[in-house]
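Observations on chain architecture
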Amino acid sequence: DRYDGNIFFFFLGNGSLVPPKVTLAKSLSSERPTLLTFYIDDSQDCKQFSAVISQIQAYYGRVLDFIPVNVDSIPVQASYDPTEAGYYYKGKVPQTLVFDISGKQVLDVVGKGSFEQFDDVLRKVFDLLPRSESPELKRRALNEVNAELVK
């Protein structure tokens, strides 16, 4: 696959994820759930998986810390602290982990996971009804929002 820049800027126009707003250490200590994802810009799988990350962000973006880490930026060292991204990296991309509000790892997916796979775990983290018992989450169309503001 050919390199063509940061996947979160080029694919889906989601530049809001890069650079991350918080560090992993700060997120794990903030009592907010965290989604840590490892990627490489020139990986076809990572490019395809960036759509799933954007879909997760559409639903959970305000209540979940997103920390995308380009694996080329992980410093090479003999060992890592559990507050450093290198501690969790398994050598393959994409790799995505979810941590609950206490900082406990509740999911580790190597490869392209599905939105449903992450949504099921995040629903448990946020104590939401399972997808089978609740209607599908939908965002309102822009025109509906504008119509409400005008009335």
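Here goes a summary of the coordinates provided. (Residues numbered from 1 in each chain as written. Predicted model: local features only at pLDDT ≥ 70, side-chain atom pairs only at ≥ 80, totals over all residues. Heavy atoms only, no water.)

1. Remarks on the overall build of the protein
- Tallying secondary structure elements over the protein gives 5 helices and 4 strands in all.
- Walking the protein from its N terminus toward its C terminus, one meets helices and strands in the order α-α-β-α-β-β-β-α-α.
- In the protein, which comprises 151 residues, the proportion classed as buried is 38%.
- Sequence separation of 24 or more characterises 63% of the internal contacts of the protein that already satisfy a separation of 6 or more.
- Put simply, the protein shows about 9,200 Å² of open surface, and 52% of that area lies on carbon and sulfur atoms. (Helix = DSSP H or I, 4+ residues; strand = E, 2+ residues; numbered from the N terminus. Buried < 20%, exposed > 50% of the residue type's maximum accessible area, 1.4 Å probe, protein only. Contact = heavy atoms within 4.5 Å. Areas by Shrake-Rupley, 256 points an atom, 1.4 Å probe, with all protein chains shown as cover.)

2. With respect to the packing of aromatic side chains
- The tally for this structure, following the rule as stated, stands at 6 aromatic pairs.
- Between the aromatic rings of Tyr59 and Phe115, the centroid separation amounts to 5.5 Å while the plane-to-plane angle is 45°, which identifies the pairing as tilted. Here the residue Tyr59 occupies a position in helix α3 (residues 44-60), and Phe115 occupies one in helix α4 (residues 115-125), the gap between them amounting to 56 residues.
- Note on Phe115: relative accessible area 10%, which makes it buried. (Phe/Tyr/Trp six-rings, centres within 6.5 Å; stacked < 30°, edge-to-face > 60°.)

3. Regarding the pattern of salt bridges
- One pass over the structure, following the stated rule, counts 6 salt bridges.
- When the shortest N-O distance is used, the salt bridge between Asp65 and Arg32 registers 2.9 Å. Separated by 33 residues along the polypeptide, Asp65 in strand β2 (residues 65-70) and Arg32 in the loop between α2 (24-29) and β1 (34-39) bring together distant segments of the chain.
- For Asp65, a relative accessible area of 10% corresponds to the buried category.
- The structure contains a network of salt bridges with shared partners spanning Asp119, Asp120, Arg123 and Arg131. (Salt bridge = Lys/Arg side-chain N within 4 Å of Asp/Glu carboxyl O.)

4. Describing the pairing of strand β3 (residues 95-99)
- Most of β3 is tucked away, with 5 of its 5 residues classed as buried.
- By the alternation rule, side chains of β3 split into Gln95, Leu97 and Phe99 and Thr96 and Val98, which are all buried.
- In terms of strand pairing, β1 meets β3 through 5 bridges, oriented antiparallel. Each bridged residue has a counterpart across the sheet, and for Thr34 the counterpart in β3 is Phe99.
- Relative to strand β4 (residues 105-110), β3 is paired through 5 bridges, and the arrangement is antiparallel. What sits directly across from Phe99, in β4, is Gln105.
- Connecting the antiparallel pair β3 and β4 is a turn made up of 5 residues, with Gly103 showing a positive phi of about 85°. (Pairing = 2+ DSSP bridges.)

5. Brief notes about the pairing of β2
- Most of β2 sits out of view: 6 of its 6 residues are buried.
- Neither face of β2 is open: one carries Asp65, Ile67 and Val69, the other Phe66, Pro68 and Asn70, and all of them are buried.
- The pairing of β1 with β2 spans 6 bridges and is classified as parallel. Residue Leu35 lies in a different strand from β2, and its bridge partner there is Phe66.

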